[in-house]
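Residue-level listing of the chains:
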Amino acid sequence: MSTVDILAIETSCDETAAAVVENGREVRSNIISSQIDLHTLYGGVVPEIASRKHIEKINQVAEEALRVAKKKLSDMDAIAVTYGPGLVGALLVGVSAAKAISFASGIPLIGVHHIEGHISANYIENKELEPPFVCLVVSGGHSHLVVVRDYGAYEILGRTRDDAAGEAFDKVARAIGLGYPGGPKIDKVSRQGNPQAISFPRAKVGDAVYDFSFSGLKSAVLNYLNSCEMKGIPVCQADVAASFQKAVVDVLVEHSMMAVEESGIKKFAIAGGVASNTALREALADACLEKGIAFYHPSPILCTDNAAMIGAAAYYEYKKGVRHGYDLNAVPNLKLGESI
């Protein structure tokens with residue numbers, strides 16, 4: 001089989017990333033320039049600052065990806081880039097860079113959906129994984145429950161109606177004084193807390209059993225904190241974090257296992273930044289073991305935004321003959337399954 005090398009670029013939020021991926025599953029390099037320290041000063045991602053940092057870093061990150069992979073640009077078969085969803089300014093930097101590289105080199109251009117990238121991260125470490133499988137995508141901006149029918153073929157069973165899981169983590173972390181980024185900090189503090197200490201709600205969406213809703217849970221945490229403050233009751237930060245996290249995990253696991261059972265598919269995967277949460281991983285691993293379902297998950301570095309996952313997704317698009325023109329644009333609200 002001939003080798004297909006793809007230079008991939010990802011700039012959908014606050015990571016400037018580039019990678020060289022071979023045949024969709026072998027990562028030759030995966031370079032990530034994170035802006036977390038910068039955005040922590042503001043308690044969250046500032047889009048304008050993110051865009052400016054991407055402009056500063058994109059060229060050197062792409063050059064580093066080729067250097068680490070011991071490859072030349074002329075060795076690449078395609079240039080892949082995230083074109084949505086994400087922050088429009090951030091996306092535009094990556095898309096513009098990818099188009100410029102493609103135009104200057106004559107190497108084909110492939111636009112990739114960000115969520116499809118997250119799902120495809122599972123192919124990198126689980127070489128044996130093939131569709132169909134059920135996948136839970138949970139990140140700062142997305143909460144999706146998807147049946148992956150084939151490469152590039154998705155059936156969305158459920159999605160969030162309001163806050164994404166990661167967004168709820170960030171807001172609750174800020175409310176209890178942990179700061180940004182919320183997910184890893186709540187994960188860490190929760191280990192010292194009692195997840196049964198406070199009874200927070202598990203929301204259900206009546207007309208769509210697979211959909212998620214986390215805004216009510218977030219409000220319940222804020223109401224609890226306000227109530228404690230008014231009554232002069234001390235707040236145990238670890239107990240609040242653990243109880244909140246348990247409420248999120250319970251809903252994600254329940255919906256996921258229901259989807260697996262009803263689909264009849266015995267393979268389940270997780271993806272996205274929140275997929276690195278240890279409580280969620282442990283709960284899903286236990287649930288899958290109990291039901292005899294194969295459980296797949298990427299390493300934490302491949303759960304966060306990275307370009308290797310974009311290269312993995314692009315490989316299967318490349319094989320199908322997908323190519324994009326230089327009119328490719330950033331689509332900040334791009335839906336999974338949409339194409340241009």
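For clarity, every value in this text was computed on a predicted model and none was experimentally measured. (Residues numbered from 1 in each chain as written. Predicted model: local features only at pLDDT ≥ 70, side-chain atom pairs only at ≥ 80, totals over all residues. Heavy atoms only, no water.)

## A look at the pattern of salt bridges
Side-chain pairing between opposite charges can occur once the charged atoms of the two side chains come close.
Now for step 1: A complete count under the given rule lists 15 salt bridges for this structure.
Now for step 2: The salt bridge involving Glu 48 is made with Arg 52; its shortest N-O contact spans 3.0 Å. A residue pair is termed a helical-turn pair when its members lie 3 or 4 positions apart in one helix, as Glu 48 and Arg 52 do in helix H2 (residues 47-68) at four residues.
Now for step 3: With a shortest N-O distance of 3.0 Å, Glu 56 and Lys 53 are connected by a salt bridge. Residue Glu 56 and its partner Lys 53 are located together in helix H2, separated by three residues, close to a single helical turn.
Now for step 4: When its relative accessible area of 26% is taken as the criterion, Lys 53 is described as partly exposed. (Salt bridge = Lys/Arg side-chain N within 4 Å of Asp/Glu carboxyl O. Helix = DSSP H or I, 4+ residues; strand = E, 2+ residues; numbered from the N terminus. Buried < 20%, exposed > 50% of the residue type's maximum accessible area, 1.4 Å probe, protein only.)

## Here's the deal with the sheet that holds strand S6 (residues 133-138)
Now for step 1: Strand order across the open sheet formed by five strands is S8-S7-S6-S9-S10, with mixed pairing between neighbours. If you trace the sheet from one side to the other, it starts and ends with strand S8 (153-159) and strand S10 (294-296), each paired once. Along the sheet, successive strands turn relative to each other by an average axial angle of 25 degrees, direction set aside.
Now for step 2: Note that S6 and strand S9 (residues 267-271) share four bridges and pair parallel. By the bridge assignment, Val 134 is partnered in S9 with Phe 268.
Now for step 3: Across the sheet, helix H8 (residues 237-263) lies against S6, strand S7 (143-150), S8 and S9, angled at about 160 degrees from S6, the strand it touches most. (Pairing = 2+ DSSP bridges. Axes fitted to C-alpha atoms, helices over the stretch in contact; angles between N-to-C directions. Contact = heavy atoms within 4.5 Å.)

## Some remarks on the packing of helix H6 (residues 182-190) against H8
The packing of two helices is summarised by the inter-axis angle and the distance between the axes.
Now for step 1: Running from N to C, H6 and H8 point in directions that differ by 110 degrees, and their axes come no closer than 8 Å. It follows from the interaxial angle that H6 and H8 lie roughly perpendicular. Note on packing geometry: the crossing formed by H6 with H8 is left-handed. Contact residues: Ile 186, Asp 187, Val 189 and Ser 190 in H6; Gln 237, Ala 238, Ala 241, Ala 242, Phe 244 and Gln 245 in H8.
Now for step 2: A per-class count over the contact of H6 with H8 returns six nonpolar, three polar and one charged. (Parallel < 35°, antiparallel > 145°, perpendicular 65-115°, else oblique. Left-handed = near helix turned anticlockwise from the far one by under 90°. Nonpolar A, V, L, I, M, F, W, Y, C, P; charged D, E, K, R; others polar.)

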